Structure formats: C-alpha cells, structure tokens
Amino acid sequence: MTAHEAGRLLREREVTSRQLTEAVLARIREVEGRVKAYVSVTEDIALRQADAADARIARGEVAPLTGVPVCVKDVICTKGIRTTCGSRMLENFVPPYDAFVTRRLLDAGAVIVGKANMDEFAMGSSTENSAFFPTHNPWDLERVPGGSSGGSAAAAAAGECSVALGSDTGGSIRQPGAFCGVVGLKPTYGRVSRFGLVAFASSLDQIGPLTRDVEDAAITLNCIGGYDACDSTSANVEMPDFTHFLQRDLRGMRIGIPREYLPDEMDASVRQSFEEAVTVMQSLGATVDRDVSLPTTPYALAVYYIIAPSEAMANLARYDGVKYGFSYQEGESMWDNMERTRQYGFGDEVKRRIMLGTFALSAGYYDAYYLKAQKVRTLIRREFDAAFAKYDALVTPVTPTPAFRIGEKVDDPYAMYLSDIFTLPVNIAGIPGISVPAGFSDGLPVGVQVLAKPFDEGSLFRVAYAYEQATAWHNAHPPL
Ligand code: GLN
C-alpha cells in the first residue's frame, strides 16, 4: 500500500498501524529470501512504534506518515539500530544518535521496519558491492536492483515497506528507482539535512525518497526536508507543501530535451519509452523544445570520478580502527593494526576509490585533476543555469539500459560507472532530479528523469505527477 492510501485508511480507522506493520512484516518473510533487500529487519522495534502510532492516531494527532511502515537505507544513522553502510567496517556499529531524517520520520510517527542493503559506503550501481550479499531485482531475480540504494528500491517495489529512504551521490536513488519501477527523488543539494548520513562525497550526497508513486515522494519530502543547523550546507529556504504541485495538466510548462542525453549507443527500447513519455507530456499541454544542448555533459563522468573519490578518501580516513567499527588488534604495531583494519574492513571498490582520490589530490596531480575537475564542475552548473532560464524542466532518460544481470559488470568498473551517465551531472550541479516509471523493456522497468532548477522540486512534482497520472506504469507490481 502506498503511504497516502495507508494514511487515509489509518485516519478513517479502517486499519491500525499494527495491522499494516504486521502485513509488511509478513510480506518481508514471504519474499525476502528471494529479494534480500534488508540488512536488518527491526520487527520488535517496528511493532512497538506501530502501537505508539495507533495510540497517537486515537488521540487525533495524525501526520501524513503516522503509522506508515518505512525502510531506511543502512547509510542513515538510527539510534540503537545497527547501521552498517554495507561494510564490514561498520558491521557492528550502533549509532548513539539519529540522523536528522530519522528523527523527522520518528517525530511524524512513522514505523521503521528495517535497514536496507546497499553498495558499501554507497559506492556502486548494483548493490553487488555490499559486503554481505547482493540484493535481487523484484522484477527479475537474476538482475541487479541498481545501486547504491538497491535495497531501498527493491523493498519499495516488492511491497516490503510503503516508503523507503535512499541517498544519491551520483544517481543512487534515481537509477535503482528506474531499475525497480518506483519513483526516486534526489532533492536539491541542501534541501535535506545530511546530519547523520554517513558521508561518501560531502558536496554531492543528498537523501531522498523511493516510493511507489509521486504523491508519496511529495509527502516524504514534506517530512524530511527543511533547514537543520547541524548541517552547515543545509539551506535555509522556504519549504512549500509539495503536495500542492500535484496537478493533472502541464499547460504553460516549458520542457527542454538536451540532445547529449540521447546518444546513438542507447538501448532502443529505452529510447522508445522516453519518446512515448515526451509525447504524453506534450499531450498534457507542455511545450517541448529539442533544440537544447549541454555541451559539457560528456565530461561529467570524469569530473565525478575525480571529485567523488577525492572527497571519499578524506571522509573514509576516519575508519582507522580506533574510533569506529572494525578494529584489527593482532598486529605488531599501531600502524600495522591500522593498515590491517583498512585492508580487511574495506572491500575492493572502496579501496579503488580511496586510491583514485589519493592520486587525484597528491602533489603534482592536484592541479591537473582535482582543480581542473572543480573548474569543469562550474561549467556544468552554469550550463544548467542557462537552460533553466529558458525551461521549467529538462526531461531525459534515467539510464542507458534497463537492469543488467547480477555478475555482468562487477569485473568491469568502467562499464559499471557508465550506468550513471545521465544521473551524475545532476549531483555535480546540485539540482533536483526525479525518476518516474515510464514503461517496460522485455518485462524490465524503464524510467524517465525530470530535472529542475535548484529548490524547484515543485516543478519536478508537477511534471512527474501529471505524467504518472496519465499513464498506468505505477500500477504495475512485480510478479514475484
Ligand atoms: N554509482 C555511483 C558511484 O558508484 C553513484 C553512487 C551514489 O550515488 N551513491 O559512485
């Protein structure tokens, strides 16, 4: 059940939160052996929270997410609940505090049913980099759910929660959203507090919802968005009620389609779904312009794989076996212990990123790589600014192909990196982006991405909702 359907039934006293929560826990027991979306299922905590939510509803204190079962990506701190980041390094880490978004969910009376599997430290596009196990795509269990928020996307798609939270540094909400046939929103950088989000690349990371429809994404952003003094990059800007943007037509909306996002190499069925989506948007009253170019786009992948690893290597320096998590103790010296802690605690992809970042920041290479990447980042941002002076929204595919097979790309990091080619520029520019279900390719979901200027998530919701309501893709559920 979506959060808005659940919310209505809870308010009308048609169901209790306990019933909803028990149903979700039963669903988890039924499908989790095949999907493996969760690192931890917090059954006892969830039932206690559900009873508290029912008591609250009885008192008439109802918020839109009160009593609704939610799933939280395991990179977001939950006080007293293990938060692993998909890593051996934090396998037994129990945070002593809640992330800002966790607090917001709990204050709203939401019920946390578990912590979702992910690529280690959010580095990856398939959830195969989890130190524990891969998650399976509910639409085809032999395929990846995308990543790094693959557990959150799979849980939302498989009915193992109503709403899930993910994080997106280069596409980690939108790409798994597209692969699993759910809505994925990356808010504007600064819209949602990163306090308590374990840092990967601090200038790119942003938390957002994975939901079964656009209305739920708006409800969830209403809950988790807004200023937080504990995050120095949190923006103190107006938080509109995002449900006001859920309208059924696109009259007056100017949509641009950047040509760099439709390369010849793209999968033909993804292109076809994209073209059909554009036609629907046109029929809803939007004007569509295809004469749009963002010429620096081809450099985005290189820029991302310099900036993100550079920030990651600094952020991951804290895992030294002293302050957090795994600690190797059998070595000959303190240095030996520290080295082995990192040798055994981190997986291969994390080590690759640490090496890339260390290289890009080292003397002699800093100017050639890091500084140059920052300059190109500015160019990318300016190109988007110029485009948004003319268009209310840009529309692009989310990924060049539908979900790939488990094992298909693990040994080829570059092929894996390419699956985020249409999502990375959005984080580089700090703008908001949403992925919405837009059809199927041989039974696998395909998504369409909508982009808008900073803090204009309203336009994203408007385009995404009108499109969704004019199509039936969001009503399809995986066979499982
Ligand atoms: N797949 C990209 C990476 O591996 C993006 C990950 C993310 O958004 N967290 O870095």
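Residues numbered from 1 in each chain as written. Predicted model: local features only at pLDDT ≥ 70, side-chain atom pairs only at ≥ 80, totals over all residues. Heavy atoms only, no water.

S.K.: Where do I start with the overall build of the chain in this structure?
M.R.: A tally of regular secondary structure across the chain gives 15 helices and 11 strands. Computed over the C-alpha atoms, the radius of gyration of the chain is 21 Å, within 12% of the 23 Å expected from 2.2 N^0.38 for a compact globule of 480 residues. Seen through its C-alpha atoms, the chain measures out along the principal axes to roughly 70 × 55 × 45 Å. For the chain, buried positions account for 60% of its 480 residues. For the chain, the share of sequence-separated contacts (at least 6 apart) that also reach a separation of at least 24 residues comes to 76%. Surface accessibility of the chain: about 17800 Å² in total, with carbon and sulfur atoms responsible for 52%. Where the 47 positive side-chain charges of the chain centre and where its 59 negative ones centre are 3 Å apart. (Helix = DSSP H or I, 4+ residues; strand = E, 2+ residues; numbered from the N terminus. Rg over C-alpha atoms; globule rule 2.2 N^0.38 Å. Buried < 20%, exposed > 50% of the residue type's maximum accessible area, 1.4 Å probe, protein only. Contact = heavy atoms within 4.5 Å. Areas by Shrake-Rupley, 256 points an atom, 1.4 Å probe, with all protein chains shown as cover. Lys, Arg positive; Asp, Glu negative; His and termini not counted. Charge placed at Lys NZ, Arg CZ, Asp CG, Glu CD.)

S.K.: I keep staring at the packing of aromatic side chains and nothing clicks. Help me out?
M.R.: For any pair of aromatic rings, geometry is given as the distance between the ring centres together with the angle between the planes. For the coordinates displayed, the defined rule picks out 20 aromatic pairs. Relative to Phe195, the ring of Tyr97 lies with its centre 5.3 Å away and its plane at 45°, an arrangement referred to as tilted. With Tyr97 in the loop between strand S2 (69-73) and helix H4 (100-107) and Phe195 in the loop between strand S5 (183-186) and strand S6 (206-211), this pair connects stretches of sequence that are 98 residues apart. With relative accessibility at 35%, the residue Tyr97 sits in the partly exposed group. With a centroid separation of 5.0 Å and an interplanar angle of 55°, the aromatic rings of Trp139 and Phe440 are classed as tilted. With Trp139 in the loop between strand S3 (111-116) and helix H5 (150-157) and Phe440 in strand S10 (residues 433-441), this residue pair connects regions lying 301 residues apart in the sequence. Using a relative accessible area of 14% as the deciding quantity, one classes Trp139 as buried. For Phe440, a relative accessible area of 30% corresponds to the partly exposed category. Cluster of aromatic residues (ring-pair linked, three or more members): Phe93, Phe121, Tyr319, Tyr324 and Phe346. It is Lys36 that lies over the ring of Phe133; its NZ or CZ is 4.6 Å from the centre. (Phe/Tyr/Trp six-rings, centres within 6.5 Å; stacked < 30°, edge-to-face > 60°. Lys NZ or Arg CZ within 6 Å of the ring centre and 35° of its normal.)

S.K.: Looking at this model, I keep getting lost on H4. Mind explaining?
M.R.: An α-helical turn contains 3.6 residues, so a residue and the one three or four places further along point in the same direction. Phe100, Val101, Thr102 and Leu105 are the residues of H4 that are buried. Contacts made by the buried residues of H4 are with S2, S3, strand S4 (163-168), S6 and helix H7 (214-224). Once H4 ends, the next one or two residues include Gly109, with phi positive near 85°.

S.K.: What is the right way to read the sheet that holds S6 from this model?
M.R.: The strands that make up a sheet pair up through hydrogen bonds in the backbone, lying either parallel or antiparallel. Ordered by their spatial adjacency, 11 strands build an open sheet running S1-S3-S2-S4-S6-S5-S10-S11-S9-S7-S8, and the pairing between neighbours is mixed. Where the open sheet ends on each side, the last strands, each with one partner, are strand S1 (38-41) and strand S8 (287-292). Across this sheet, the average inter-strand angle for adjacent strands is 30°, counted without regard to direction. Sheet topology places S2 next to S3; five bridges connect them, and they run parallel. Its bridge partner being in S3, Val72 is matched across the sheet by Lys115. Each of S1, S2, S3, S4 and S6 is contacted by H5, which is oriented at about 155° to S4, the strand it contacts most. (Pairing = 2+ DSSP bridges. Axes fitted to C-alpha atoms, helices over the stretch in contact; angles between N-to-C directions.)

S.K.: Before we go on, may I ask you to explain the nonpolar core in this structure?
M.R.: When a protein is soluble and globular, its nonpolar side chains tend to lie buried together. Membership of the largest hydrophobic core comes to 117 residues, with the highest contact counts inside it found for Phe121, Phe384 and Phe461. Here this core gets nine residues from one element, more than from any other, and that element is helix H9 (residues 300-315). Counting 26 residues, the second-largest nonpolar core is a separate cluster that includes Ala37, Tyr38, Ala154 and Ala155. (Core = buried A, V, L, I, M, F, W, Y, C linked by side-chain atoms within 4.5 Å.)

S.K.: Mind showing me how you'd approach the environment of Ile57 here?
M.R.: Position of Ile57 relative to the elements: it lies in helix H3 (residues 43-58). In this structure the C-alpha to C-alpha distance between Ile57 and Glu12, which are 45 residues apart in sequence, comes to 9.9 Å. When residues no more than four places from it in sequence are discounted, the contact partners of Ile57 are Leu10, Arg13, Val62 and Thr66.

S.K.: What exactly am I supposed to notice about the state of the cysteines here?
M.R.: Two cysteines, two sulfur atoms, one covalent bond between them: this is a disulfide. By the definition in use, this model includes zero disulfides. Considering cysteine sulfurs only, Cys85 is the nearest to Cys77, which forms no disulfide, with 7.4 Å between them. (Disulfide = S-S within 2.5 Å.)

S.K.: Explain the site of the ligand here, please?
M.R.: Taken together, 15 residues sit near the ligand, with Thr169, Gly170, Ser172, Tyr304 and Asp420 positioned nearest. Within the backbone of Gly124, a nitrogen or oxygen atom sits 2.8 Å from an oxygen atom of the ligand. Within the complex, the protein chains bury 100% of what would otherwise be the 290 Å² of accessible surface of the ligand. Taken together, the residues that form the shell around the ligand break down as five nonpolar, seven polar and three charged. (Near = heavy atom within 4 Å. Polar contact = N/O pair within 3.5 Å; in protein donor to acceptor, adjacent residues only side chain to side chain. Nonpolar A, V, L, I, M, F, W, Y, C, P; charged D, E, K, R; others polar.)

S.K.: Would you mind showing me how to read the environment of Ala63 here?
M.R.: Note on placement: Ala63 falls in the loop between H3 and S2. Distance in space between the C-alpha atoms of Ala63 and Gly7 is 8.5 Å, their sequence separation being 56 residues.

S.K.: Could you clarify how one ought to interpret the side chain of Glu32 in this entry?
M.R.: Mapped onto the fold, Glu32 is located in helix H2 (residues 17-35). For Glu32, which is buried and forms no salt bridge, the nearest opposite charge comes from Lys36, at a distance of 6.7 Å. Setting aside anything within four residues of it in sequence, one finds Glu32 in contact with Arg27, Ala37, Tyr38 and Glu160. (Salt bridge = Lys/Arg side-chain N within 4 Å of Asp/Glu carboxyl O.)

S.K.: Teacher, can you tell me more about the packing of H9 against helix H12 (residues 366-390) here?
M.R.: Helix-helix packing: each pair is described by the crossing angle between the helix axes and the interaxial distance. Taken N-terminus to C-terminus, the directions of H9 and H12 make an angle of 125°; their axes are 9 Å apart at the nearest point. Here H12 runs oblique to H9, going by the angle between their axes. Considering the relative orientation of H9 and H12, their crossing is left-handed. Across the interface between the two elements, Ala300, Val303, Ile306, Ile307, Ser310 and Glu311 of H9 pack against Tyr369, Tyr370, Ala373, Gln374, Val376, Arg377 and Ile380 of H12. When its residues are assigned to classes, the contact of H9 with H12 shows nine nonpolar, two polar and two charged. (Parallel < 35°, antiparallel > 145°, perpendicular 65-115°, else oblique. Left-handed = near helix turned anticlockwise from the far one by under 90°.)

S.K.: I keep staring at a nonpolar patch on the surface and nothing clicks. Help me out?
M.R.: Where nonpolar side chains cluster on the molecular surface, the patch consists of Phe359, Tyr365 and Tyr369 and spans about 280 Å² of accessible area. Its location among the elements puts Phe359 in helix H11 (residues 348-361). (Patch = residues over 30% accessible without salt bridge, like charges linked within 9 Å, V, L, I, M, F, W, Y side chains within 5 Å.)

S.K.: I keep staring at the pairing of S2 and nothing clicks. Help me out?
M.R.: Looking along a regular strand, one sees the side chains alternate between the two faces of the sheet. The buried fraction of S2 is high, at five of five residues. Between S2 and its parallel partner S3, the chain crosses via H4, and the hand of that crossover is right-handed. Where S2 meets S4, three bridges bridge the pair, whose relative direction is parallel. From the neighbouring strand, Val70 faces S4, where its bridge partner is Val163. (Right-handed = clockwise from strand over helix to strand, strands pointing away.)

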